[in-house]
Amino acid sequence: MLKFLFFCSKKRILLIISCQVKFIFDQSSTEFEFYLTDEHWSHLQSIQTNYTEAVRLNQITGISLYPFIQPIESTSDLFRIPLYISSMRLITFFKQTKEFHELDLSTQLYLIKLNLITICFYHSLYIYDSQTDSYHEHDTDDPIFSGSDWTNTLNKQFHSQMNLIRMKIIDDLQSDQHIMKLIMFIVLFSRSVCRFQFNERTCIDNNQADIFKRQNIYTELLYRYCLQRYDLSKAPVIFMKYIFNIMKIQQLVDELKYNIQEYIDITELSPLIQSLIM
């Protein structure tokens, strides 16, 4: 059993992690064999199926379609178009998942409000093509978004830091759809102690153990998957690289939310996006 819970604050991030990995000892080969069971693979496939369905249920309208480029002319456009599309699909994706669906509505809303924008920016790393400097959700009719348009929004430091993170977890470790989606759930079920204090704060305090239990399902699955894809010597290091870099994104988004009114008139945004960044 691998237990995991992380907290972010204004000045630091603390990672609390304890690990007892179950393994099978093969006497004939005298090696430890780490594996994913059929149940684990079924869970991974279910996650992928749910994501595909979430994309299907949230088709885009009113903007350009692939292979055309949809301009992003302002920070408002960044939130109104690509981030809005991602947020709608991700909410649908999470709602199809048993561990999230079983939570009471107030806790669901709290976790979405707290973590969804972080997940949206994390998701953007995986739809970026460094060869064409563009963003596009694979296997969809979504338009292409220019990388130069994207980076002309917000501030240069934010995009510079995101680019460094992308190079560490995408270019160095290679893109992996299973890992991407498992980390989405780990972040979704995380408790962040940020400079933002929502009125719903008490709901997560009351349900902290339950949320932690649900997060741990995906943390253990991610660790097992890393062991399956890599090996015992590499998997723990790679696992921690993913975790620490997603925590860096949390910090960046925290700063972004705190200073959001410097970059955008939030009244121009949809009520959903306003609720996620305020």
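Numbering of residues starts from 1 in each chain and follows the order in which that chain's sequence is written. pLDDT decides what is reported in this predicted model: residues at 70 or higher carry local features, side-chain atom pairs at 80 or more are listed and counted, and totals for whole chains, interfaces and linings draw on all residues regardless. Hydrogens are left out, water is left out, and the side-chain values use all remaining heavy atoms of the structure.

Student: Any details on the pattern of salt bridges? Residues and values, ideally.
Tutor: The working definition used for a salt bridge is a side-chain nitrogen of Lys or Arg within 4 Å of a carboxyl oxygen of Asp or Glu. If you walk through the whole model with that rule in mind, you get seven salt bridges. The residue R214 makes a salt bridge to E102 at a minimum N-O spacing of 3.1 Å. With a gap of 112 residues between them, R214 in helix α10 (residues 208–229) and E102 in the loop between α4 (98–101) and α5 (105–126) connect regions that are remote in the sequence. On the basis of relative accessible area, R214 is assigned to the buried category, the value being 11%. We call a residue buried when its accessible area falls under 20% of the maximum for its residue type, exposed when it is over 50%, and partly exposed in between, using a 1.4 Å probe and counting protein chains only. A residue is classified by how much of its surface remains accessible, and E102, at 47% relative accessible area, is partly exposed. The residue D176 makes a salt bridge to R229 at a minimum N-O spacing of 2.2 Å. Within this pair, whereas D176 is found in the loop between α7 (156–171) and α8 (177–188), its partner R229 is found in helix α10, the two being separated by 53 residues in sequence. Judged by relative accessible area, which is 7%, D176 ranks as buried. A relative accessible area of 30% means that R229 is categorised as partly exposed. Each of the salt bridges in this network shares a partner with another, and the network as a whole consists of E102, D210 and R214. Secondary structure follows DSSP: runs of H or I at least 4 residues long count as helices, runs of E at least 2 residues long count as strands, and numbering of each begins at the N terminus.

Student: I'd like a description of the nonpolar core, backed by residues and values.
Tutor: The biggest cluster of nonpolar side chains holds 79 residues, and the ones touching the most others in it are F79, F94, F121 and Y122. When residues in this core are grouped by element, the largest group, 12 residues, is from α5. For this analysis, residues touch if any pair of their heavy atoms sits within 4.5 Å. Every residue in contact with F79, bar those within four places of it in the chain, is listed here: Y84, I117, L154, L256, I260, I264, L269, I273 and I277. Each nonpolar core is a collection of buried residues, namely Ala, Val, Leu, Ile, Met, Phe, Trp, Tyr and Cys, held together in the definition by side-chain atoms within 4.5 Å.

Student: Go over unusual backbone geometry, please, and point to the residues and values.
Tutor: With an omega dihedral of 15°, the bond running from Y66 to P67 counts as a cis peptide bond. With respect to the helices and strands, the residue P67 is situated in the loop between α1 (38–57) and α2 (75–80). Its identity as a non-glycine residue notwithstanding, D133 has a phi of 50°, on the positive side. Considering the arrangement of structural elements, one finds D133 in the loop between β5 (128–129) and β6 (134–135).

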